[in-house]
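Each chain, written out:
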Amino acid sequence: MLRWWISDSRRLGVEAHGVTRAHKWWFLRRMTQIFVLAIFMTGPLLGFWIARGNFASSQLLGLVDLSDPYIFLQSLVGRHWPILPAITGALLIAAIYILVGGRAYCGWVCPVNVVTDAAYWMREKTGLTRDRKLDKRTRLFILAGTLIASALTGTIAWEFLNPVSLLQRAFITGIGIGWVIILAVFLLDLFVARRAWCSHLCPVGAFYGLLGRVSLVRVSARDREACTDCGACFNICPEPHVIVPALKGSGDDTRLILHGDCQNCGGCIDSCPVDVFRMTTRVRP
Amino acid sequence: MAPSKRKVTRRQALTETAKAAGVACLGGFSLAAFIKSADPVDARALRPPGALSEAAFQVACVHCGLCVEACPYGTLSLAEWGEGAPLGTPFFTARETPCYMCKDIPCAKACPTGALDRDLPSIRDANMGVAVLVGHETCLNYKGLNCSICVRVCPIRGEAISLEDQEINGRKLKIPVVHSDKCTGCGTCEKQCVLGHAAIRVLPRDLGLGGKGRNRAGRNF
C-alpha cells in the first residue's frame with residue numbers, strides 16, 4: 001500500500017526503488033533550498049552571521065560578495081553603473097549558474113519553487129486538471145518587458161512585483177501584505193494552469209534559462225534504450241518538452257538534456273522505474 | 001516552445017514577431033505606469049545616510065537589506081507595501097527610531113551597489129532630510145514656555161538647531177530655528193518632541209525647504 005502523500009508521478013519509481021530513493025533528488029533540493037535561506041536567517045534571528053543581505057545582493061562570511069545578475073542587468077538598463085562589489089558579485093553568481101545549470105536556481109534555490117510544487121501536488125491530489133494553455137515563451141516577452149520598463153522609468157522594474165524577492169525577504173526581514181502576491185502565484189498554479197508561474201510567466205526563470213543554455217551540469221538520458229514509455233518523467237517534469245530530444249532521439253543524437261529550460265531538478269531521475277536518467281556533465285554524456 | 005523544425009510561412013513569422021513585441025511592450029509599459037504611480041518627487045521616506053538623489057536611488061538600490069543589517073540601532077527597514085517608500089527600499093521613520101549618526105557610517109559602508117555613498121567623508125555630510133518646525137501653533141516655545149527639547153537633544157549641538165529671540169505679537173519668545181546647512185535630518189528632534197505628534201518633523205530636503213519654483217510668467221525664483 002503506497003502512502004497517500006506520494007505524488008502519482010513518483011509511484012512507479014517508489015514501487016521499483018522504494019520511497020527513499022524515489023525522493024533522493026527531491027530531498028536534496030529541499031535541503032538546499034532550506035540551507036540557502038537558513039544561512040541568511042541565522043544572522044537576523046540568532047545574531048550568528050553567515051551571510052548578510054538577501055538574494056538580491058549579499059556578503060558571505062564577510063568576504064565574498066554575491067549579486068543577482070538579473071537585477072544587475074535591470075540596474076544597467078535603468079542607467080546606473082553599480083560599484084565593484086555588485087559587479088563582481090553578479091559575475092560570480094552568473095558563473096556559478098553557468099557551471100551548475102542556469103535554472104538550477106529555480107529548482108534548487110528559489111523559495112517560490114516550494115509554493116508552486118505544493119500547488120502542483122495539490123492539483124494531483126484534488127484531481128484539478130483545468131489547464132489554460134499558456135505559451136512557454138511568454139516569460140521571455142515578460143523578461144523583455146521588465147527591461148523596457150527599467151529603461152523607461154529608471155528603476156529596477158521587476159523588483160516592484162517580484163514574488164521571489166518578496167518571499168525570501170519574508171523569511172529574512174519579514175513582509176506584511178506581500179503574502180498576497182505569493183498567494184496569487186499559488187492560486188494561479190493551482191487553478192489556472194499546470195506550472196503556470198515558473199514554466200510560463202516568471203522572468204527570473206527566463207533569465208536563468210538563458211544562462212543555462214551553455215551550462216556544464218546536465219541530466220542525461222544515458223540508458224534511453226531501457227525506457228518503457230511509462231511517462232513518469234513527463235508527468236513529474238516542470239518543463240516536459242526538454243526531455244523529448246534526449247530521450248526519444250536516435251543514433252548519434254545527444255542523450256544530454258541541453259535545453260535551457262531544464263531545472264536540473266532530478267525529478268526524472270527520481271521518478272524513473274528503470275534508471276534511464278543520470279545527473280552528469282556535458283563532458284560525460 | 002515550438003519545435004524548431006516546423007515550417008513557418010513569412011506571414012506567420014511576421015504575425016508572431018508582432019505578437020511577441022506587442023506582449024513585451026504592453027507588459028513593459030504597464031509595469032512602467034505602475035511604477036510611475038509612486039512618483040519619487042513626492043517621496044516622504046527618509047533614506048539612509050549617503051543615499052543618492054531619490055531618482056538615482058531607485059535604480060541603484062537592489063533591496064538587499066545590507067544597510068538594514070549593518071545598522072546597530074535597528075533604525076532602518078525595507079519597505080513593505082503601503083509603507084510610504086517604494087517596495088523593498090530601505091527607509092526610516094524618525095519618530096520611531098532616528099539615525100544615531102555613527103561616526104563610521106556602517107550602513108553606507110555595507111552598500112554593495114553605490115546607492116549609498118561608501119566614501120561619505122563624515123556623517124555630518126549625510127543628507128537624510130531636513131528638520132522643519134511645522135507646529136507654529138502647538139510648539140511649546142511658541143506658547144511662551146522654554147521647552148527647547150529639540151535644541152537640547154540635537155546631536156549637532158548648537159549648530160543645527162538654535163534658540164533665537166523673536167518678538168511675536170509683542171511677546172519675547174525663544175524659538176527653535178533649524179539651520180538647514182548643518183542639519184543632517186537624523187530625526188532626533190522629531191523623536192524626542194514632547195507633543196502627541198511632533199511639532200518638528202524631518203522631511204526630504206526638497207520637500208522640507210520648498211525647492212526652486214517658477215511663476216506663471218516663466219520667471220524662476
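Residues numbered from 1 in each chain as written. Chains lettered and ligands numbered in written order. Predicted model: local features only at pLDDT ≥ 70, side-chain atom pairs only at ≥ 80, totals over all residues. Heavy atoms only, no water.

Residue and element names in this part refer to chain A. The terminal C-alpha atoms of helix H9 (residues 179–192), which comprises 14 residues, lie 19 Å apart, in line with the 20 Å expected from a rise of 1.5 Å per residue. What H9 keeps buried is the set Ile181, Ile182, Val185, Phe186, Asp189 and Leu190. Residues of H9 that are buried make contact with helix H6 (112–126), helix H8 (163–172) and helix H10 (196–201). (Helix = DSSP H or I, 4+ residues; strand = E, 2+ residues; numbered from the N terminus. Expected span 1.5 Å × (residues − 1). Buried < 20%, exposed > 50% of the residue type's maximum accessible area, 1.4 Å probe, protein only. Contact = heavy atoms within 4.5 Å.)

Residue-level contacts link 49 residues of chain A with 37 residues of chain B. Where chain A abuts chain B, roughly 3500 Å² becomes buried across the two surfaces, and 71% of that area is made up of carbon and sulfur atoms. Three residues stand out in chain A for area buried against chain B, namely A:Arg137, A:Phe141 and A:Phe160, and they jointly supply 18% of the buried area on that side. The tally of links from chain A across to chain B stands at 1 salt bridge. As a salt-bridge pair, B:Glu16 and A:Arg137 come within 3.6 Å of each other at their nearest N and O atoms. On inspection of chain A and its partner chain B, the count reaches 7 residue pairs in polar contact (both at pLDDT 80 or more). The set of elements that each furnish at least two residues to the side of chain A that touches chain B consists of strand E1 (51–54), strand E2 (57–60), helix H3 (69–77), helix H4 (84–100), helix H7 (138–153) and H8 of chain A. Residue contributions to the side of chain A that touches chain B peak at 8 residues, all from H7(A). Of the residues assigned to the side of chain A that touches chain B, the class counts are 23 nonpolar, 19 polar and 7 charged. (Buried area = accessible area lost by both parts, 1.4 Å probe. Salt bridge = Lys/Arg side-chain N within 4 Å of Asp/Glu carboxyl O. Polar contact = N/O pair within 3.5 Å; in protein donor to acceptor, adjacent residues only side chain to side chain. Nonpolar A, V, L, I, M, F, W, Y, C, P; charged D, E, K, R; others polar.)

Residues and elements named next belong to chain A. Their axes nearest at 8 Å, the elements H7 and helix H11 (residues 203–212) cross at an angle of 100 degrees. Here H11 runs roughly perpendicular to H7, going by the angle between their axes. Between H7 and H11, the residues in contact are Arg139, Leu140, Ile142, Leu143 and Thr146 and Pro203, Ala206, Phe207 and Leu210, respectively. (Axes fitted to C-alpha atoms, helices over the stretch in contact; angles between N-to-C directions. Parallel < 35°, antiparallel > 145°, perpendicular 65-115°, else oblique.)

Scored by pLDDT, chain B has a mean of 87; 95% of the residues are at 70 or more. Reported confidence for the predicted complex is 0.84 by ipTM and 0.85 by pTM. (pLDDT = per-residue confidence, 0-100.)

It is worth spelling out the pairing of E2(A) at this point. Residue and element names in this part refer to chain A. Here E1 pairs with E2 via 4 bridges, running antiparallel. Bridge pairing in E2 links Arg52 to Gln59. Linkage of E1 to E2, two consecutive antiparallel strands, is achieved through a turn of 2 residues. Here E2 pairs with strand E3 (residues 64–67) via 4 bridges, running antiparallel. The residue of E3 that forms the bridge with Ser58 is Leu66. (Pairing = 2+ DSSP bridges.)

Counting residues in each nonpolar core, the largest one holds 64 residues, and the members touching the most others are A:Tyr97, A:Tyr105, A:Trp197, A:Tyr208, A:Ile243, A:Ile257 and A:Phe277. Each of domain 1 (10–210) and domain 2 (215–281) of chain A accounts for three or more of the residues forming this core. Beyond its immediate stretch of four places on either side in the chain, A:Ile257 contacts A:Arg218, A:Val219, A:Val242, A:Ile243, A:Ala246, A:Cys262 and A:Phe277. In terms of nonpolar packing, the next biggest core, distinct from the first, is built from 46 residues, B:Leu46, B:Cys61, B:Leu173 and B:Cys193 among them. (Core = buried A, V, L, I, M, F, W, Y, C linked by side-chain atoms within 4.5 Å. Domains from an automatic or database assignment.)

Moving on, we come to the UniProt feature "transmembrane region" (unreviewed entry) in chain A. All names here are of chain A. Summarizing the sequence annotation, UniProt attributes the feature "transmembrane region" (unreviewed entry) to residues 34–51, 81–100, 140–158 and 170–192 in the numbering used throughout. Taken end to end, residues 140–158 has its terminal C-alpha atoms 13 Å apart, with 74% of it in helix and 0% in strand. Helix and strand shares over residues 170–192 are 74% and 0% respectively, and the end C-alpha atoms of the span are 25 Å apart. (UniProt positions renumbered as here; feature names shortened; annotations may be inferred.)

Let us look at the domain arrangement of chain A. Residue and element names in this part refer to chain A. Segmenting chain A into domains produces domain 1 (10–210) and domain 2 (215–281). On a C-alpha basis, the centroid separation for the pair domain 1 and domain 2 is 23 Å. Facing 32 residues of domain 1, the contacting portion of domain 2 comprises 28 residues. Approximately 2100 Å² of surface area, both sides summed, lies buried where domain 1 meets domain 2, with 47% of it carried by carbon and sulfur atoms. Viewed at the interface, domain 2 and domain 1 are joined by 6 salt bridges. A salt bridge links Arg10 to Asp270, with the shortest nitrogen-to-oxygen separation between them at 3.0 Å. Seen at the junction of domain 1 and domain 2, the total is 23 residue pairs in polar contact (both at pLDDT 80 or more). Broken down by secondary-structure element, the contributors of at least two residues to the side of domain 1 that touches domain 2 are helix H1 (11–17), helix H2 (24–46), H4, helix H5 (104–109), H6 and H10. Class assignment of the residues belonging to the side of domain 1 that touches domain 2 gives a composition of 14 nonpolar, 9 polar and 9 charged.

What follows concerns the domain arrangement of chain B. All names here are of chain B. Domain boundaries in chain B define domain 1 (44–128) and domain 2 (129–213). Computed over C-alpha atoms, the centres of domain 1 and domain 2 are 23 Å apart. Every contact between the two is made by 15 residues of domain 1 and, on the other side, 21 residues of domain 2. Together, the buried faces of domain 1 and domain 2 total about 1400 Å²; carbon and sulfur atoms form 53% of this surface. The largest contributions to the domain 1 side of the interface with domain 2 come from Arg95, Met101 and Arg124, which together make up 43% of the buried area. Counting every contact that joins domain 1 to domain 2 gives 1 salt bridge. We note a salt bridge from Glu159 to Arg124, for which the minimum N-O separation is 3.6 Å. Taken together, domain 1 and domain 2 are joined by 10 residue pairs in polar contact (both at pLDDT 80 or more). Tallied by class, residues from the side of domain 1 that touches domain 2 come to 10 nonpolar, 1 polar and 4 charged.

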